[in-house]
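Overview (structure and organization)
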Amino acid sequence: MLLARRNNDSNWMSNFFDDFFDTDWMPRMNGTAPAVNVKENEKQYEMDIAAPGLKKEFCRVDLDDSGNLRVKLENKMEHRQEDKKEHYLRREFSYTNYEQSYVLPDDVERDGISAKVEDGVLHIVMPRKAPEAKVQKRIEVG
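All residue numbers here refer to positions counted from 1 along the written sequence of the relevant chain. For this predicted model, a pLDDT threshold of at least 70 governs which residues receive local features, and a threshold of 80 or more governs which side-chain atom pairs are given and counted, while totals over whole chains, interfaces and linings are taken from all residues. Working from all heavy atoms in the structure, the side-chain values ignore hydrogens and water.

**Some words on the overall build of the protein**
Per the convention used, a helix needs a DSSP run of H or I reaching at least four residues, while a strand needs a run of E reaching at least two, with both numbered from the N terminus. Helix and strand content of the protein: two helices and seven strands. Each helix and strand of the protein, placed in order from N terminus to C terminus, yields the pattern α-α-β-β-β-β-β-β-β. Any residue under 20% of the maximum accessible area for its type is buried, any over 50% is exposed, and the rest in between are partly exposed; the area is computed with a 1.4 Å probe on protein chains only. For the protein, the proportion of its 142 residues judged to be buried stands at 20%. The contact criterion used throughout is that any non-hydrogen atoms of two residues lie within 4.5 Å. When contacts within the protein are restricted to residue pairs at least 6 apart in sequence, those whose partners lie at least 24 apart make up 54%. Values of accessible area rely on a 1.4 Å probe in the Shrake-Rupley scheme; residue burial ignores everything except the protein chains shown. As presented, the protein carries roughly 12,000 Å² of accessible surface, and 49% of it is formed by carbon and sulfur atoms.

**Some thoughts on the sheet that holds strand S4 (residues 69-73)**
Strands qualify as paired when DSSP identifies two bridges or more between them. One open sheet accounts for three strands, arranged S3-S4-S5; its pairing is antiparallel. Looking along the sheet, the strands with just one partner apiece sit at the ends: strand S3 (59-63) and strand S5 (98-102). Neighbouring strand axes in the sheet, compared pairwise and without regard to direction, differ in orientation by 10 degrees on average. In the sheet, S4 pairs with S5 via five bridges, with the strands oriented antiparallel. Considered in S5, the bridge of Lys72 is made with Glu99. Lines are fitted to the C-alpha atoms to define the axes, a helix being fitted only along its stretch in contact, and any angle between axes, read from their N-to-C directions, falls within 0 to 180 degrees.

**Structural notes on the side chain of Asp62**
Structurally, Asp62 is set in strand S3. Judged by its relative accessible area of 19%, Asp62 falls in the buried class. Identification of polar contacts relies on pairs of N or O atoms within 3.5 Å, with a donor-acceptor requirement for protein atoms, meaning one able to donate a hydrogen and the other able to accept it, and with residues adjacent in sequence counted only if both atoms are side-chain atoms. For Asp62, the side chain forms a polar contact with the side chain of Arg60, separated by 3.3 Å.

**Some thoughts on the pairing of S4**
Taking every second residue as pointing to the same face, the buried face of S4 carries Leu69, Val71 and Leu73, while none of Arg70 and Lys72 on the other face is buried. Pairing of S3 with S4, which is carried by five bridges, proceeds in the antiparallel orientation. Residue pairing for S4: Arg60 is matched across the bridge by Lys72. Hairpin connection from S3 to S4: five residues lie between these consecutive antiparallel strands, with Gly67 at a positive phi of about 85 degrees.

**Topic: the nonpolar core**
If you look at soluble globular proteins, the nonpolar side chains tend to sit buried side by side. By nonpolar core we mean a set of buried residues, namely Ala, Val, Leu, Ile, Met, Phe, Trp, Tyr and Cys, connected to one another through side-chain atoms within 4.5 Å. Counting residues in each nonpolar core, the largest one holds 17 residues, and the members touching the most others are Ile49, Leu69, Val71, Leu73, Leu122, Ile124 and Met126. Listed by contribution, the elements that provide at least two residues to this core are strand S2 (44-50), S4, S5 and strand S7 (121-127).

Now the structure itself:
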């Protein structure tokens with residue numbers, strides 16, 4: 001088939017790659033969520049959400065009316081003019097919008113939550129409340 005195409009089409013290499021990278025026969029990764037890591041220590045919980053190319057203006061982190069942490073990443077991909085001498089055979093460098101709510105542990109100090117973006121990772125720090133001292137009290141029985 002490649003030889004027949006070469007004989008009939010002077011641009012056989014381009015057509016070969018177009019056919020090879022045709023996405024109709026390949027599964028697409030639609031609706032994928034970014035990778036999330038969560039760790040804890042005695043002082044805080046830390047959440048890292050990875051999304052290559054992520055900028056802080058694309059992120060929104062807040063607490064909803066139930067006290068859950070809501071993370072929203074919006075696609076703000078710029079559309080650039082492509083060079084007319086070349087074109088993509090397959091293009092997957094685009095991200096859809098992502099929104100997720102996370103139920104927080106009871107010991108999170110909700111007023112102290114902070115977030116920053118660095119190197120394509122949204123880093124959220126959730127400090128823990130100081131443990132309450134256990135009070136022993138004798139209750140008089142009447």
